[in-house]
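Per-entry structural report
The chain contents come next:
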Amino acid sequence: MPPRVNLTHPDKVFFPRAKFTKGDLVRYYVEAAPCLLPHLRGRPVTLLRFPDGIRGGSFYEKNAPRFTPDWIKTFPVPRRHHEGNVEYIVINDAETLAWCANLAAIELHAFLHRVPRIDSPTAVAFDLDPGPGMDLLGCAAVAFQLKELLGRLGLEAWPKVTGSKGLQVYVPLNTPSSYEATGPFAHAVADLLERRHPDLVVTTMAKAARQRRIFIDWSQNAASKTTICAYSVRAKHEEPFVACPVSWEQLKKAKKAETLFFSPEQALRRIARLGDLFAPVLALKQKLPADFVRKVAAAAEPAGSLRAYRKKRDFQQTAEPAPGRVAASGKGKKERRFVVQKHAASHLHYDFRLEMGGTLKSWAVPKGLPTERGVKRSAFAVEDHPLNYLRFEGVIPQGQYGGGTVMVWDLGTYRVLKGSYGEGSLHLLLQGRKLKGEWHLFKIRSRDGKDVWLVARSGARMKPLTPRQEDSSVLTRRSMARIARDRDAAWNSRRR
Ligand code: MN
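Residues numbered from 1 in each chain as written. Predicted model: local features only at pLDDT ≥ 70, side-chain atom pairs only at ≥ 80, totals over all residues. Heavy atoms only, no water.

**Focus: the pairing of strand S24 (residues 404-420)**
Two faces belong to every sheet, and in a regular strand the side chains alternate between them. Strand direction decides the pairing type here: strand S19 (residues 336-344) and S24, joined by 9 bridges, are antiparallel. Considered in S24, the bridge of Val 340 is made with Asp 410. With 3 bridges connecting them, strand S23 (residues 394-396) and S24 associate as antiparallel partners. Among the inter-strand pairings, Ile 396 is bridged to a residue of S24, identified as Gly 404. Of the strand pairs in this sheet, S24 and strand S25 (residues 425-432) are connected by 8 bridges, and their pairing is antiparallel. In the strand pairing of S25, Arg 415 is matched with Leu 429. Connecting the antiparallel pair S24 and S25 is a turn made up of 4 residues, with Gly 424 showing a positive phi of about 75°. (Pairing = 2+ DSSP bridges. Helix = DSSP H or I, 4+ residues; strand = E, 2+ residues; numbered from the N terminus.)

**Overview of the coordination of the manganese ion**
Angles at a metal have ideal values that depend on geometry: 109.5 degrees with four tetrahedral donors, 90 or 180 degrees with six octahedral donors. Around the manganese ion, the protein supplies His 343 (ND1), His 349 (NE2), Asp 351 (OD) and Asp 351 (OD) as donor atoms, at distances of 2.1 to 2.8 Å. Coordination of the manganese ion draws on donor residues from a single chain, spaced H-x5-H-x1-D in sequence. Judged by its relative accessible area of 15%, His 349 falls in the buried class. (Donors = N, O, S within 2.8 Å, 3.2 Å for Na, K, Ca; no water. Buried < 20%, exposed > 50% of the residue type's maximum accessible area, 1.4 Å probe, protein only.)

**Thoughts on the pairing of strand S3 (residues 44-49)**
Of all 6 residues in S3, 6 are buried, a share of seventy percent or more. Neither face of S3 is left uncovered, since the one carrying Pro 44, Thr 46 and Leu 48 and the one carrying Val 45, Leu 47 and Arg 49 both have all their residues buried. Note that S3 and strand S6 (residues 85-90) share 2 bridges and pair antiparallel. Directly across from Pro 44, in S6, lies its bridge partner Val 90. As paired strands, S3 and strand S7 (residues 105-111) are joined by 5 bridges and run antiparallel to one another. If you follow Val 45 over to S7, its bridge partner there is Ala 110.

**Description of the environment of Ala 140**
With respect to the helices and strands, Ala 140 occurs in helix H3 (residues 136-152). Along the backbone, Ala 140 and Pro 130 are 10 residues apart, and their C-alpha atoms lie at a distance of 10.0 Å.

**Points about the domain arrangement of the protein chain**
Structurally, the protein chain comprises domain 1 (13-111), domain 2 (123-226 + 238-292) and domain 3 (302-493). The straight-line distance from the C-alpha centre of domain 1 to that of domain 2 is 23 Å. For the pairing of domain 1 and domain 2, the buried interface totals around 1,500 Å² over both sides, and the portion due to carbon and sulfur atoms is 70%. Ranking the residues of domain 1 by area buried against domain 2 places Tyr 28, His 39 and Phe 111 at the top, with a combined share of 36%. The interface formed by domain 1 and domain 2 contains 1 salt bridge. The partner of Arg 55 in a salt bridge is Glu 238, and the shortest N-O contact between them spans 2.6 Å. Counting across the interface, domain 1 meets domain 2 through 2 residue pairs in polar contact (both at pLDDT 80 or more). Taken together, the elements giving at least two residues each to the side of domain 1 that touches domain 2 come down to helix H1 (22-40) and S7. Considering every element that reaches the side of domain 1 that touches domain 2, the biggest residue donor is H1, with 6 residues. Its residues assigned to classes, the side of domain 1 that touches domain 2 comprises 10 nonpolar, 3 polar and 5 charged. (Domains from an automatic or database assignment. Buried area = accessible area lost by both parts, 1.4 Å probe. Salt bridge = Lys/Arg side-chain N within 4 Å of Asp/Glu carboxyl O. Polar contact = N/O pair within 3.5 Å; in protein donor to acceptor, adjacent residues only side chain to side chain. Nonpolar A, V, L, I, M, F, W, Y, C, P; charged D, E, K, R; others polar.)

Structure below.
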């Protein structure tokens, strides 16, 4: 035991089924220290403490406790929403590590930056989390897609299992960088993978959208986020597992997810045999390709019609998709896609979007499309949106353009029966989950000389929707209130 740490209650059982005690935890951390410490050195940590073991309560401790001895290093980081600082513990030596373990800090969550440069991440981290019906092997499949894509950008990456359910892929930088660069980079890469493999990858936090898919959490790349440190023990299962770096070869060979879970004892044996597989993450110097986000977007953008869309948004702040490559419905195909988004911005309204010429022609319709004949409603033309907006649902942070809750209210295909956008008159046949039948969308010149669009029902009256249909997402079945509560797209609004 390191001299300055007094191990208390070593026999306290932390993992009852595995009979893993507090003494075992401290011993593991002391033995793993030579391999683990380089990954913690200089990084503020959040401790996940379980004073009574995994079946008791737990809490995240950011601030060093009041009884922290003088010899423990801390670093003050200004609070985001309040005055004062958080005094984060920095674990630079085995004694501090043992002291934390003795506090029942089973899990060690580290920042991607080192003090004092708390605005400069040393790596980009992708968190791959399996949705219902998926497991670690599904994560591995996506990790290889990610590796391939990064490789084409000239970047090497290393995987580690988290000891929980998923996998993380780290891209070492170790060159001057900023979260302003890594956040949008990770977002763009995740979006690209989602578009390439929509049946396998999802980038929205909504649980319902994650069924049988792998969720890529790009939002970890923010100054406020910590991720589980390599070689930290996890308290997610009845047995202790370690967040353990693995080789790509081992990942490829794995036939069963269980073979990718490592007990502390196995983790120590791996360290003895393989050394630190994550050493390159601390050593390799790499740079993000310049202008990546712009390049991906520019390559996918048809004729710059999305410039207005891009200009209004800060993709560092909003989780709305950056314009990107989405397969348009085949050329000459009569059926194209449409979406109606219910949008609780400063005023509740509906956004009606039609796939046309590789983008979404968009109108804000304050009262929504009428279901009765003879009712005309105003439709205000707004900027074109990118095709990947078709499935956007979530919360746009307040203060951002269009801040508020967005629901995918209806989704389907449409045909133009007569007219064209250019003529300012579209006779449409919609085949949505809610909206079915014919509408006429047409442009008139108002008295003050401005163009105004109107939308009217044509053909037979449509059966009015039930209140439940009215407040239900066709994507996730959530209500507006539920989407707002989940705040799944509002990552950068720093939810607490
Ligand atoms: Mn809107």
